Number of protein chains: 2
Amino acid sequence: MSGLRLGPGREFDRIRQIVQGLGTAARGIGDDCAVLPEVRGRVVVSVDLALEDVHFRREWLSMEEIGWRAAAGALSDLAAEGAEVLGLLASVGVPREAPEDDLVTLMKGMGRAVEAAGGAVLGGDLSSSAQWLIGVTVLGQAARPVTRGGAGPGDALWITGMLGGARAALQSWRRGEEPAPDARVAFAHPEPRIRAGQALARAGARAMIDLSDGLGGDAGHLAAASGVGLEIALDGLPVCPAVAEAAARTGLDPAHFAALGGEDYELLVALPSGFSPADAAALGREAGVTLTRIGSVREGSGARFTLQDREVGLAGFDHFA
Amino acid sequence: MSGLRLGPGREFDRIRQIVQGLGTAARGIGDDCAVLPEVRGRVVVSVDLALEDVHFRREWLSMEEIGWRAAAGALSDLAAEGAEVLGLLASVGVPREAPEDDLVTLMKGMGRAVEAAGGAVLGGDLSSSAQWLIGVTVLGQAARPVTRGGAGPGDALWITGMLGGARAALQSWRRGEEPAPDARVAFAHPEPRIRAGQALARAGARAMIDLSDGLGGDAGHLAAASGVGLEIALDGLPVCPAVAEAAARTGLDPAHFAALGGEDYELLVALPSGFSPADAAALGREAGVTLTRIGSVREGSGARFTLQDREVGLAGFDHFA
């Protein structure tokens, strides 16, 4: 970027290389702060950590995939507000022994993810560290941010895309095997549902959350924030094709297996009961993702899951476990 | 905070404890994103990493000081824009063996720093990690953000506060000694110059930067961004009292020692030549900090430093070194 004017130093040489690698995906880097454009509506912000050997392993993913996935996971929080993407800032800890190119490639992955979502890399911070660590800050704007707190009795619960792919990939890697292609893509290259989130907000979404902690955990958050109970029948849950084999190994029903997985980055949304299957099909075509009805909102508290009319427990995915 | 409504889970129990510990310093936590209030002017954003054994050591600082210092270092970037503070988001990696209280105490330190600066903790992300890591995202608003890029020939260079305290503290710790009290405070409890930054912006600041990389590095950034040369006489540099003894051990002049130190978080600012010593005294009283003239802006490039009329080289503080 021709506008980048920093003084001399190795740390700043790295920043120059990153900005060159980012090309059009970098904007306004090089001051103490990133200055956002004038916004319409409200600014929404979220932060997300991706740590080597906690959230990913080097042997599973390329550097570009590590960058894409870290950015996509954070961008998914903007999708859940129905927001438009402004951009991201990246805090990256780089192992001392890492080849110089790895950081540039990682940042290219982040740049591609944020550019695909309509934003740019706006700034960041670099440090040396024992292992790779990526802190992502995403910024968006929304005329009417959709919170987790607006669902009411009688609303219907819908979900974007398919679940369970990321969990199936993790299970394969942990057994020392290469995941099925669709499971690998779900983990390495998740698509933040930015367009779907905006379309759902326009369609009157009353509450929305992205599935980072798994359906069990995140449905619980939406229920708690809205002060309602949720009834979800897992029988109709859309699952990634690779899940069938992975679930068979655990002895679980595929839908149960998929519902236990974290980091699928699909959206769980409460819509007014008048939102019809035809509305869902039209919205799905517009946003490039399927939309499936999985349950309903009632008075009460907590999320209750059934499979073949029997209640099943879903403990949430715990990032401390 | 009574408004916090999350589902069950250990990770969310931690968030509940943090929010309770933060008290009035927490605002609006618990959705996918933090929603900023409607802003006047432009939103400015910066991110900063503080890593155990890179930026600090546990044996040097209390958990509350670690939190304060991480927040203050990031808030200092808002000061350098002349911005008003909206708040911060914290990404924290917590060692598995850490006592439960440590995270709450760390966050209290961050809460105190951001509350003292006029903002609140707006959100965050938690993970387990091998060592403590703190990623801070700060958000502010400014009618006219002051960049590094507006200095012109004839402007005068001023600096807030005193330099060298953080470096003197680091030197003592590395020798296995306890730092002098003023040096320790400079490192453990830096004051982000928020009020001074705003007052300097109102006084017509043409370019501003905070001294995180040291005077040598940061003056170079300001010169590069503004496309000018800087002339700085170190003789008049305001130094922390503890610096005299620390500098003597290295055989350097105290001003030279102080100019080589990083992370003092004071502001270097280019002001129009008409800004007088009386203006500086009045602004300093208003903002609670001294303001000292240390040089001038000329045509050319780079930053040139003199001491007793002889040129001295100042390599910047390198976070990768």
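Note that the structure is a prediction, hence the values are computed from the model and not measured. (Residues numbered from 1 in each chain as written. Chains lettered and ligands numbered in written order. Predicted model: local features only at pLDDT ≥ 70, side-chain atom pairs only at ≥ 80, totals over all residues. Heavy atoms only, no water.)

J.: Account for the nonpolar core, naming residues and giving values.
T.: Within the largest apolar cluster, 109 residues are counted, with the highest numbers of intra-cluster contacts made by Leu215(B), Leu234(B) and Leu237(B). Here this core takes 10 residues from helix H2 (residues 63-79) of chain B, the largest share from any one element. Excluding its chain neighbours within four sequence positions, the residues that come into contact with Leu215(B) are Ile159(B), Leu163(B), Ile232(B), Leu234(B), Leu237(B), Ala259(B), Gly261(B), Leu268(B), Ile294(B) and Phe305(B). Judged by nonpolar contacts, the second largest core, of 108 residues, contains Leu6(A), Val19(A), Val85(A) and Trp132(A). (Core = buried A, V, L, I, M, F, W, Y, C linked by side-chain atoms within 4.5 Å. Buried < 20%, exposed > 50% of the residue type's maximum accessible area, 1.4 Å probe, protein only. Helix = DSSP H or I, 4+ residues; strand = E, 2+ residues; numbered from the N terminus. Contact = heavy atoms within 4.5 Å.)

J.: Describe the environment of Glu59(B), and please don't skip the residues or the numbers.
T.: If you trace the backbone, Glu59(B) turns up in the loop between strand S2 (42-51) and H2. In this structure the C-alpha to C-alpha distance between Glu59(B) and Trp173(B), which are 114 residues apart in sequence, comes to 9.3 Å.

J.: Before we move on, can you summarise the interface of chain A and chain B with the specific residues and values?
T.: At the junction of the two partners, chain A supplies 65 residues and chain B supplies 65 residues. Taken together, both faces of the contact between chain A and chain B bury some 5,500 Å²; the carbon and sulfur share is 56%. The salt bridge involving Asp32(A) is made with Arg148(B); its shortest N-O contact spans 3.3 Å. Taken together, chain A and chain B are joined by 23 residue pairs in polar contact (both at pLDDT 80 or more). Broken down by element, the residue count for the side of chain A that touches chain B peaks at 9 residues, all from strand S2 (residues 42-51) of chain A. Grouping the amino acids of the side of chain A that touches chain B by side-chain chemistry returns 32 nonpolar, 16 polar and 17 charged. (Buried area = accessible area lost by both parts, 1.4 Å probe. Salt bridge = Lys/Arg side-chain N within 4 Å of Asp/Glu carboxyl O. Polar contact = N/O pair within 3.5 Å; in protein donor to acceptor, adjacent residues only side chain to side chain. Nonpolar A, V, L, I, M, F, W, Y, C, P; charged D, E, K, R; others polar.)

J.: Provide a residue-level description of the packing of helix H1 (residues 10-22) of chain B against helix H3 (residues 100-116) of chain B, including the pertinent values.
T.: Residue and element names in this part refer to chain B. It is the contact of H1 with H3, at a shortest axis distance of 9 Å, that shows an interaxial angle of 45 degrees. By the angle between their directions, the pair H1 and H3 is classed as oblique. Seen along the crossing, H1 lies across H3 with a hand that is right-handed. Across from Arg10, Arg14, Gln17, Ile18, Gly21 and Leu22 in H1, the residues of H3 making contact are Glu100, Leu103, Val104, Met107, Lys108 and Gly111. Of the residues contributing to the contact of H1 with H3, the split by class is 5 nonpolar, 3 polar and 4 charged. (Axes fitted to C-alpha atoms, helices over the stretch in contact; angles between N-to-C directions. Parallel < 35°, antiparallel > 145°, perpendicular 65-115°, else oblique. Left-handed = near helix turned anticlockwise from the far one by under 90°.)

J.: Got a sec to walk through the sheet that holds strand S7 (residues 207-210) of chain B? Specific residues and values, please.
T.: By way of backbone hydrogen bonds, the strands of a sheet pair with one another, either parallel or antiparallel. Residues and elements named next belong to chain B. Taken in spatial order, the 7 strands line up as S7-S9-S6-S10-S8-S11-S12 in an open sheet, and their pairing is mixed. Because the sheet does not close on itself, it has two edges, and the strands there are S7 and strand S12 (310-312). The sheet shows a mean angle of 30 degrees between the axes of neighbouring strands, direction not considered. Across 5 bridges, the pairing between strand S6 (residues 156-160) and strand S10 (residues 291-298) is antiparallel. Bridging from a neighbouring strand, Trp158 pairs with Arg293 of S10. (Pairing = 2+ DSSP bridges.)

J.: Can you lay out the packing of aromatic side chains for me, pointing to particular residues and giving the numbers?
T.: Summed over all chains, the structure comprises 8 aromatic pairs over all chains. The interplanar angle of 5 degrees and the centroid separation of 4.9 Å between the aromatic rings of Trp60(A) and Trp173(A) together place this pair among those described as stacked. With a gap of 113 residues between them, Trp60(A) in the loop between S2 and helix H2 (63-79) and Trp173(A) in helix H4 (residues 165-174) connect regions that are remote in the sequence. Classification of Trp173(A) as buried rests on a relative accessible area of 9%. Ring centres of Trp173(B) and Phe187(B) lie 5.1 Å apart, and the angle between their planes is 75 degrees; on these two criteria the pair is classed as edge-to-face. (Phe/Tyr/Trp six-rings, centres within 6.5 Å; stacked < 30°, edge-to-face > 60°.)

J.: How would you explain the pattern of salt bridges if you had to name every residue and give the values?
T.: Residue and element names in this part refer to chain A. Applying the stated rule across the entire model yields 36 salt bridges over all chains. For Arg175, the salt bridge goes to Glu177, with nearest N and O atoms at 3.7 Å. Residue Arg175 is classed as partly exposed on the basis of its relative accessible area of 45%. Residues joined by salt bridges that share partners form a network here, namely Glu231, Arg298, Arg304 and Glu311.

So, to be careful, I would describe these as geometric facts and stop short of saying anything about function.
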